[in-house]
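# Working through the structure, step by step
This is what each chain is made of:
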Amino acid sequence: MASTYGTDASKSALRSGYLNLCGTMPTGFRKRTDKTVCSMLRMLGEYRQAELILAYLPLHEEIDTTAVIQNARKDGKRVALPLLTREGTLEFYEVGSPDQVVAGSRGLKRAPSADAKPLTTKDMLGSVCLVPGLVFDGEGQRVGYGAGYYDNFLMFYPGQKVGLVRSVQVSSNPLPHTDHDVPVDVLVTEGSIWRCRRSE
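Notes on the structure in this doc start here.

Conventions used here
- Residues numbered from 1 in each chain as written.
- Predicted model: local features only at pLDDT ≥ 70, side-chain atom pairs only at ≥ 80, totals over all residues.
- Heavy atoms only, no water.
- Salt bridge = Lys/Arg side-chain N within 4 Å of Asp/Glu carboxyl O.
- Helix = DSSP H or I, 4+ residues; strand = E, 2+ residues; numbered from the N terminus.
- Buried < 20%, exposed > 50% of the residue type's maximum accessible area, 1.4 Å probe, protein only.
- Arc of directions from axis to C-beta.
- Contact = heavy atoms within 4.5 Å.

### Points about the pattern of salt bridges
Inspection of every chain in the model, using the stated rule, returns six salt bridges. For R78, the salt bridge is made with E94, and the minimal N-O distance between the two is 3.2 Å. Of the two residues, R78 is situated in strand β2 (residues 78-84) and E94 in strand β3 (residues 90-95); the sequence distance between them amounts to 16 residues. Residue R78 is classed as partly exposed on the basis of its relative accessible area of 32%.

Here it is, written out as structure tokens:
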């Protein structure tokens, strides 16, 4: 695994290392862990209070969020999924049925209907946004796939930012980051809920 200290602390090395780590996890272990992470999320106060959950579908080795989406609907919450625009920005649309979700993508391939409008910042007040990532640290910094779409979106997002992650993907060392990177507020693992601490 790449170090998170020193000159070898590059995001690309960390990305590669954690993709490799996740790819070697036994399927049964991943399924059990991911199911527990999704159950732990329901214990989070912000989740319980939120009427709207901004979810995503996982790419490659991230936590399987299918159960989160199903649980949110059972819990009477609205669910929105992202659509990547041609301009490279994320827009979230509320979804009502699973057939609107496109397999193999983070969320939507197109807007749910011709007249559907993306959620506004005002629509997202009091919501919870689930933020994908391959590795997180105790301050809520993360390394994802490197495109920056979520950081651009989170700069103006008014709600709670929650990272879902297996405990083996939480770094005990600080991750490299820039002023452009937006940390999450809370980490939810299979064993704990962690309120991220920021060094000022």
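### Considering helix α4 (residues 66-74)
Buried within α4 are the following residues: V68, I69, N71 and A72. End-on, the buried residues of α4 take up no more than an arc of 165 degrees, which puts them together on one face. Buried residues in α4 make contact with α2 (27-41), α3 (45-49), β1 (52-54), β2, β4 (128-131) and β7 (160-164). Remark: G76 follows α4 within two positions and exhibits a positive phi of approximately 75 degrees.

Geometric descriptors of this kind do not, in isolation, establish any biological role.
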